[in-house]
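# Fold and geometry: a report
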Amino acid sequence: MPTINYAAKEIQFKIVYCGAALCGKTTNLVYIHSRIAPAHRGDLVSLATAADRTLFFDFLPLSAVILQGFKTKFQLYTVPGQVIYNATRQLVLRNVDGVVFVADSQWDKMEENVESFRNLEQNLQKQSLSLDAVPYVLQLNKRDLQDVAPTNYLQYLLNNRKRRVQSFESIATTGVNVFSTLDAVTQVLLHKFNRERGQLLAVPGGGGR
Amino acid sequence: MPFLNWFRKKSTSTEAEPKASSADKSSPEPTTVIETASGNSEQASVPDTPSTEQQLTETPVIPLSAAAPPEPKTSSTAEPASTPHLSVPLGAFYEKLPPHLLASIRPDLKRLIQIAPEDIVIEENAEEATVPLSILSLSCPDIFVRPVAASDEIPITFSLSGPVAASAAESSQQPEAQPLKTAAPPEPGSLVVPADTRPEEGSKMGEPHPIKEQLTESGSPTRPDEIESVERQPAPTVRATTASGKINLRDVTVPVDELIRLRESAAGAKPLASASSGTEFSGHTSSAEKEIRLRLQSVLSNLPPGLEQPSIQDLSGTETEIVLPLDLIQPQLAQGRVVVSAATFCKALPDDLKPHFEAIEPSTEIPIPLREIFLGLPHEAIKLREDQEMVHPQETIQTPFRAHAEEDAKRFGLEQVKVNSERLQAIFLTDETLDLPKTITKVGELPGLRSCLLNTTDGLKLAGGLDSPDQEQAVSVLAPELFKEARSKLAEMQFGALETITLHCGRDQLSTFLQGKLCLTVLHDNRPFKPGIREKVQAVMNELVL
């Protein structure tokens, strides 16, 4: 659920990057942080171990578009991918507005991808949210590696639901399709917000228009 | 002799079928019928079992048109598949197969292979049957050194007067026989011999075949234990007559002893359970089931450390292949991991290698590498559900992220292709706004195609994909070169502009379109272009501009 500050005319959306351990979630945020002009972003907060394993979460605030007179801000988070940090994932996923599920394309990560995706569903359910109700996109990462599964198998594993979401083949280390993924999830959640909550902004006294 | 009576009476009652026939004709997706019933490529769905009362009062009809693939068998009580097939011993045609295509190991010529009725043409007078070689290669791929290509295709004719038995396909899947005290209707799919193998006159090309005749007598039992009642009889042949003068399977000579033997083996056969529910695997698979070949070395190199025993390490470098039923593998693919029990794994091993694995606990899970599985996996094994709804916003909100995405796309050579959404929408008859990825996805979803790759003539991938990244890389480079070469050679002849080239390879067929700097390659779904599809892809190419 986005945070709407009528006084400051700001809407904040929370986008969470989920996926198995070491699939490239933090790499996505690092790349985004490196490309956004400092005036439009905050500092990237990353709590990681020496082995680059995200310990708690990464956080990157971004300013973006004007929506019905409101300045929209996006807070990008990642969750720790390791199985044992499920409580942290649940915490980070609270009030999530959009999800990027980052899948590791390597053959030996398929089971972890499936487990991570299920874990995402379960954690959303604990917030009484269905994945079908949350804007999300898939990012099939590490497509530059040799030992990767075909995209149709990844689609079969992760995108074989009634709702087929957008998916992007990416190489987060170089930035291929990193912004396309972020743009896609942003589009979906803004459309959803416009559809479901757009009228809220026009409430008298709300200063929406 | 109820069994014989059942045959005789049923064979004269073919006129009772028009109602069912019309129902069958109304089945949508006629091409699906052909594909699902042919060459054991897919099994028809199990029809709903009518109530006992209905079965006793109505002539049971086994529809062959399959709208959905069968559910994986997950328990030993699963209903048997009901697609009728002809069982033919390998020996009936083995000597007529091209020797250069045959594997060096001579198979057991008594082994029965099963052929869908649609794929066989019966010569009434000569008592001969003809089957395309490619169908045989699908039914018993293990006897061939490689898949039969279109260029290898020849008709194989064999005699029906020998031990050719018409039987139901479920000979290895029939549940255990139940004592039957009263007359009972036949099980769906049991002892069914299809009537006509060709569409009726006037039927359109590609329409489902007319309803197949079920050789049962209403109320007459056909359970295996009933068949036992004629077990001691001499082996007469039963000739089923036909009301139609067309080529059909009713005149197939059916040795009763062969049928009895089939039914007995069916009654004793254990159905396959899914691996996840405790694997049962007899160690060999019938040719009617799909199998998957795996290199043993690949499996061994992925064994968990706890299983790497010295006796197994001795097998390093082995070139042995094992064969596992696809039914065992396919249900697990959605988990991202495939395992079989050590007991099952050992059964699939050649006898001389089994001692190497004796020390492993039978219930231990042996992981099968996905990469190895995908080398021989039929593409339909991982098809996406057909009722999916695409989630794409129709309108675009301009965000700073989009600007960055476009910048990156230029930097990486992506998304430079301009698409005319309205014209593409007209081609695909959709209201959905189409961008490049969506367009290429839609091309790959056209009937008869299974995937699509768009790349530049420089080999840069733009959208879509093929079965594997290796394929994509190779095709991205090879296809444009091949096309340009062919085009330059053909330009000297007066055939007109080259639009498409189709390559028929051993396993796959792929077609390439070239337009300016864009090269589009599609993988076919077993068969060449269906009518109108090539032209549609060409029209799409005309709308893409780099």
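Per the secondary structure count, chain A includes five helices and nine strands. When its helices and strands are written in sequence order, chain A yields β-β-α-β-β-β-α-β-α-β-α-β-β-α. Counting over 209 residues, chain A shows a buried share of 50%. Taking contacts inside chain A between residues at least 6 apart in sequence as the whole, the part at least 24 apart equals 68%.

When helices and strands are counted, chain B shows 17 helices and 20 strands. Across the 546 residues in chain B, those meeting the buried criterion constitute 39%. Counting contacts in chain B only where the partners sit at least 6 residues apart, residues at least 24 apart contribute 72% of the total.

Here we take up the nonpolar core. Counting residues in each nonpolar core, the largest one holds 79 residues, and the members touching the most others are Val16, Leu76, Val99, Val100, Phe101, Val137 and Val185 of chain A. When residues of this core are assigned to their parent elements, the largest contribution, nine residues, is made by helix 5 (residues 178-197) of chain A. When neighbours within four sequence positions are excluded, Val16 of chain A is seen to be in contact with Tyr77, Val79, Val92, Leu93, Val96 and Val99 of chain A. The next biggest cluster of nonpolar side chains, apart from the first, holds 29 residues, and it includes Leu454, Ala463, Leu514 and Cys519 of chain B.

Take the confidence of the model for chain B next. Residue and element names in this part refer to chain B. Scored by pLDDT, chain B comes out at a mean of 66, with 59% of its residues at no less than 70. This stretch, residues 1-83, has a pLDDT under 50; its non-local contacts, to residues over four places away or in other chains, come to 172 contacts. Per-residue pLDDT stays below 50 along residues 163-288; that stretch engages in 298 contacts with residues further than four places along the chain or on separate chains. For this predicted complex, the interface score ipTM comes out at 0.88, alongside a pTM of 0.54.

This paragraph deals with the interface of chain A and chain B. In this assembly, 35 residues from chain A lie in contact with 32 residues from chain B. Elements with a minimum of two residues in the side of chain A that touches chain B: strand 4 (54-67), helix 3 (110-125), helix 4 (151-158), strand 8 (163-164) and helix 5 of chain A.

The subject of this paragraph is unusual backbone geometry. All names here are of chain A. One non-glycine residue with positive phi stands out, namely Ser128, at about 60°. In this structure, Asn177 is a non-glycine residue whose phi angle is positive, near 65°. With respect to the secondary-structure elements, Asn177 resides in the loop between strand 9 (167-169) and helix 5. Asn177 gets classed as buried once you count the C-beta atoms within 10 Å, which come to 27.

All right, on to the environment of Tyr153 of chain A then. Inspection of the secondary structure assignment puts Tyr153 of chain A in helix 4. On a C-alpha basis, the gap between Tyr153 of chain A and Ser105 of chain A in space is 9.7 Å, while along the polypeptide they are 48 residues apart.

Glancing now at the packing of helix 14 (residues 421-428) of chain B against helix 17 (residues 533-543) of chain B. Residue and element names in this part refer to chain B. Orientation of helix 14 relative to helix 17, taken along the N-to-C sense of each, is 175°, at an axis distance of 10 Å. With respect to helix 17, the element helix 14 is oriented roughly antiparallel. Touching Arg423, Leu424 and Ile427 of helix 14 are Lys536, Ala539, Val540 and Glu543, all from helix 17.

What follows deals with the sheet that holds strand 16 (residues 461-465) of chain B. Residue and element names in this part refer to chain B. Taken in spatial order, the five strands of this open sheet run 16-15-19-18-17, and their pairing is antiparallel. In this open sheet, the two edge strands, each paired with only one partner strand, are strand 16 and strand 17 (500-504). The average angle at which neighbouring strand axes cross in this sheet is 15°, direction not considered. With four bridges connecting them, strand 15 (residues 449-456) and strand 16 associate as antiparallel partners. Opposite Leu454, over in strand 16, you have Ala463 as the bridge partner. Its contacts with the sheet place helix 16 (residues 469-491) against strand 15, strand 16, strand 17, strand 18 (509-515) and strand 19 (518-524), and it is angled at close to 110° to strand 19. On the sheet, helix 17 packs against strand 15, strand 17, strand 18 and strand 19 and is oriented at approximately 35° with respect to strand 18.

Another point: helix 17 of chain B. Residue and element names in this part refer to chain B. Three or more residues of helix 17 are buried, namely Arg534, Val537, Val540 and Met541. Along the axis of helix 17, the buried residues cluster in a sector spanning 120°; they form a single face. Packing partners of the buried residues in helix 17 comprise helix 14, helix 15 (436-444), strand 17, strand 18, strand 19 and strand 20 (544-545).

Further remarks concern the confidence of the model for chain A. Here chain A shows a mean pLDDT of 86. Residues at 70 or above account for 89%. Under a pLDDT of 50 for its full length, residues 202-209 of chain A has, in the predicted model, 13 contacts with residues more than four places off or in other chains.

A word on the pairing of strand 19 of chain B. A regular strand places its side chains on the two faces of the sheet in alternate fashion. Residue and element names in this part refer to chain B. In terms of residue burial, strand 19 counts as a mostly covered element, since six of its seven residues are buried. With seven bridges connecting them, strand 15 and strand 19 associate as antiparallel partners. Note on strand 19: the bridge partner recorded for Leu454 is Leu520. Where strand 18 hands over to strand 19, the hairpin turn is made up of two residues, of which Gly516 adopts a positive phi near 60°.

Another aspect to go through is helix 16 of chain B. All names here are of chain B. Taking 1.5 Å of rise per residue, the 23 residues of helix 16 would be expected to cover 33 Å, and the 33 Å separating its terminal C-alpha atoms lies within 8% of that figure. Of all the bends in helix 16, the greatest measures close to 30° and is centred on Val475. Buried residues of helix 16: Pro469, Glu472, Val475, Ser476, Ala479, Pro480 and Phe483, and no others. Next to the buried residues of helix 16 lie strand 15, strand 16, strand 17, strand 18 and strand 19.

This part takes up the sheet that holds strand 4 (residues 128-132) of chain B. All names here are of chain B. Pairing in this open sheet of three strands is antiparallel, and the strands run 3-4-5 from one edge to the other. Strands at the two margins of the open sheet, each flanked by one partner only, are strand 3 (121-123) and strand 5 (155-159). Looking at each pair of strands side by side, their axes are set apart by 25° on average, direction ignored. Both strand 4 and strand 5 contribute to a ladder of five bridges, which runs antiparallel. Note that in strand 5 the partner of Pro132 across the bridge is Pro155.

Conventions we followed
Residues numbered from 1 in each chain as written. Chains lettered and ligands numbered in written order. Predicted model: local features only at pLDDT ≥ 70, side-chain atom pairs only at ≥ 80, totals over all residues. Helix = DSSP H or I, 4+ residues; strand = E, 2+ residues; numbered from the N terminus. Buried ≥ 20, exposed ≤ 12 C-beta atoms within 10 Å, placed from the backbone. Contact = placed C-beta atoms within 7 Å. Core = buried A, V, L, I, M, F, W, Y, C linked by C-beta atoms within 7 Å. pLDDT = per-residue confidence, 0-100. Axes fitted to C-alpha atoms, helices over the stretch in contact; angles between N-to-C directions. Parallel < 35°, antiparallel > 145°, perpendicular 65-115°, else oblique. Pairing = 2+ DSSP bridges. Arc of directions from axis to C-beta. Expected span 1.5 Å × (residues − 1). Bend = angle between axes of the 7 residues up to and from the residue.

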